[in-house]
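Summary of structural features
For reference, the chains in residue letters:
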Amino acid sequence: MYIDEQSKINLNGMPQFVSIRAEKENAPLLVYLHGGPGDAALPLVMKYNKMLEQQFTVVVWEQRGAGKSYYKFDGNITIDIFLKDLHTLAEHLLGRFHQSSLYLLGHSWGSILGLRFVQAYPELVRTYIGCGQVVNMRKSSETAYEYALAHADKKSLKRLREIDCSYQGDNWLNDLLFVTRQVVKHKGSLYGRRNYNDLVFPFLFSPYYTLPDLIRRQKGSLQAIQHLWQEIMEIDFEAQTRYGAPVIFIEGRYDSHVSSALVKEYFDRIETEKQFYWFEESCHFPQWSESEKFNKLLCEFI
């Protein structure tokens with residue numbers, strides 16, 4: 001029984017887009033948590049991670065305010081709101097598919113939600129898989145800034161030296177975006193690439209994404225950063241060394257966008273069931289830079 005559902009589900013009063021795809025009945029649930037914040041990824045998962053549909057019921061959730069779930073934020077938006085949405089979604093999926101727990105795959109910002117969810121609801125998580133994992137955002141921001149400094153030309157160096165990488169100042173958003181652009185330009189984010197063009201094309205050619213969706217994605221990404229970044233900067237999992245579900249980290253060896261070296265240091269201190277995999281031809285996006293290897297690895301976990 002092939003499943004291919006694209007629909008909006010009401011999660012805590014807000015309609016949010018959810019894609020559910022599977023090639024066989026009763027396959028274990030795998031929920032993909034996209035990065036950003038606000039960086040919806042449906043066409044990318046469909047293009048690069050389609051193989052997962054052979055072994056899993058793959059659920060791609062475009063989080064509130066992101067991509068096909070875009071709306072203009074009004075009022076206070078916090079990480080806890082996204083966690084409540086994820087909990088509601090998980091309960092809905094587990095009930096519908098008659099399962100007791102699910103696989104959770106979190107990338108970058110999604111890895112914050114993922115680990116927080118494991119902390120709060122370990123009984124609902126069969127295994128947590130993090131890639132581009134956030135461990136301590138302040139330390140990661142410093143590492144990214146140092147990478148940008150080390151590779152900068154004269155003009156960029158002058159601008160970088162004026163930046164406070166704790167992103168607390170009045171101009172924090174422009175500073176953050178500038179540092180990120182520098183990391184991307186010097187191949188510290190998408191392996192072997194100086195821009196994200198390879199990650200934009202799948203959106204342009206996807207039957208599931210329209211041009212207005214793409215515009216909404218851009219708006220959603222910017223507003224999510226504006227509303228959530230200060231809270232993201234406070235994220236620090238370093239004191240937590242025990243989890244109530246198995247934890248797997250898949251990291252690009254050369255990730256300077258969100259330091260993979262920090263993830264390995266943290267992993268070594270975790271005291272519960274765990275696995276770690278280096279991807280040698282990846283930076284921040286191992287699930288797309290080495291998609292075949294990534295997909296095979298996940299299918300082996302079952």
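What counts, and where the lines are drawn
- Residues numbered from 1 in each chain as written.
- Predicted model: local features only at pLDDT ≥ 70, side-chain atom pairs only at ≥ 80, totals over all residues.
- Heavy atoms only, no water.
- Phe/Tyr/Trp six-rings, centres within 6.5 Å; stacked < 30°, edge-to-face > 60°.
- Helix = DSSP H or I, 4+ residues; strand = E, 2+ residues; numbered from the N terminus.
- Buried < 20%, exposed > 50% of the residue type's maximum accessible area, 1.4 Å probe, protein only.
- Lys NZ or Arg CZ within 6 Å of the ring centre and 35° of its normal.
- Axes fitted to C-alpha atoms, helices over the stretch in contact; angles between N-to-C directions.
- Left-handed = near helix turned anticlockwise from the far one by under 90°.
- Contact = heavy atoms within 4.5 Å.
- Nonpolar A, V, L, I, M, F, W, Y, C, P; charged D, E, K, R; others polar.
- Expected span 1.5 Å × (residues − 1).
- Pairing = 2+ DSSP bridges.
- Right-handed = clockwise from strand over helix to strand, strands pointing away.
- Core = buried A, V, L, I, M, F, W, Y, C linked by side-chain atoms within 4.5 Å.
- Polar contact = N/O pair within 3.5 Å; in protein donor to acceptor, adjacent residues only side chain to side chain.
- Disulfide = S-S within 2.5 Å.

**A short note on the packing of aromatic side chains**
- A full pass over the atoms with the stated rule returns 15 aromatic pairs.
- Ring geometry for Tyr277 against Phe301: centres 6.0 Å apart, planes inclined by 40°, an arrangement best described as tilted. Here Phe301 lies in the segment after α11 (291-300) and Tyr277 lies in strand β8 (residues 274-279), a separation of 24 residues in the sequence.
- Tyr277 gets classed as partly exposed once you look at its relative accessible area, which sits at 26%.
- Taken together through their ring pairs, the aromatic side chains of Phe249, Tyr266, Phe267, Phe276 and Trp278 make up a single cluster.
- Cation over ring: Arg253 sits above Trp278, and NZ or CZ is 4.2 Å from the ring centre.

**Notes on the packing of helix α5 (residues 154-161) against helix α6 (residues 172-185)**
- Interhelical geometry of α5 versus α6 gives an angle of 145° and a closest axis separation of 11 Å. Of the two elements, α5 crosses α6, and the hand of that crossing is left-handed. Across from Ser156, Arg159 and Leu160 in α5, the residues of α6 making contact are Asn174, Asp175, Phe178, Val179 and Gln182.
- For the contact of α5 with α6, a count of residues per class yields three nonpolar, three polar and two charged.

**Details of α6**
- Its 14 residues place the ends of α6 20 Å apart at the C-alpha level, agreeing with the 20 Å of an ideal helix rising 1.5 Å per residue.
- In the core, the buried residues of α6 are packed alongside α4 (137-151), α5 and α8 (211-232).
- With its phi angle positive at about 60°, Lys187 sits one or two positions after the end of α6.

**Some details on the pairing of strand β7 (residues 247-252)**
- Across the six residues of β7, six count as buried, placing the element largely inside the fold.
- Alternating positions in β7 separate into two faces, Val247, Phe249 and Glu251 on one and Ile248, Ile250 and Gly252 on the other, with burial throughout.
- Two strands pair when backbone bridges link them, and strand β6 (residues 125-131) and β7 are joined in this way by four bridges, in the parallel orientation. Residue pairing in the sheet places Gly130 in a bridge with Phe249 of β7.
- Pairing of β7 with β8 involves six bridges; the strand directions are parallel. Of the residues in β8, the one forming a bridge with Phe249 is Phe276.
- You can see the chain leave β7, run along helix α9 (residues 260-269) and come back into β8, and the turn it takes is right-handed.

**Things to note about the sheet that holds strand β4 (residues 57-62)**
- Spatially, eight strands are ordered β1-β2-β4-β3-β5-β6-β7-β8 in an open sheet, and the strand pairing comes out mixed. At either end of the open sheet lies a strand with only one pairing partner, and these are β1 (3-11) and β8. Across the sheet, the mean angle from the axis of one strand to that of its neighbour is 20°, orientation sign disregarded.

**Concerning the nonpolar core**
- Grouped together as the largest cluster of nonpolar side chains are 71 residues, with contacts concentrated most on Val31, Ile79, Leu104, Tyr167, Trp229 and Phe249.
- Broken down by element, the residue count for this core peaks at eight residues, all from helix α2 (residues 79-96).
- Sequence-distant contacts of Trp229, that is, excluding residues within four places in its chain, are made with Gly36, Pro37, Met137, Tyr167, Trp172, Leu176 and Ala224.
- Tyr32, Leu42, Leu52 and Ile250 belong to the second largest nonpolar core, which has 34 residues in total.

**Brief notes about the side chain of Ser166**
- For Ser166, the position within the fold is in the loop between α5 and α6.
- Only 2.8 Å separates the side chain of Ser166 from the side chain of Asp164, close enough to count as a polar contact.
- With residues up to four places along the chain from it excluded, the contact list for Ser166 reads Arg138 and Met233.

**Some thoughts on the state of the cysteines**
- For the coordinates displayed, the defined rule picks out zero disulfides.
- Cys131 supplies the cysteine sulfur nearest to Cys299, a cysteine that is in no disulfide, at a spacing of 15 Å.

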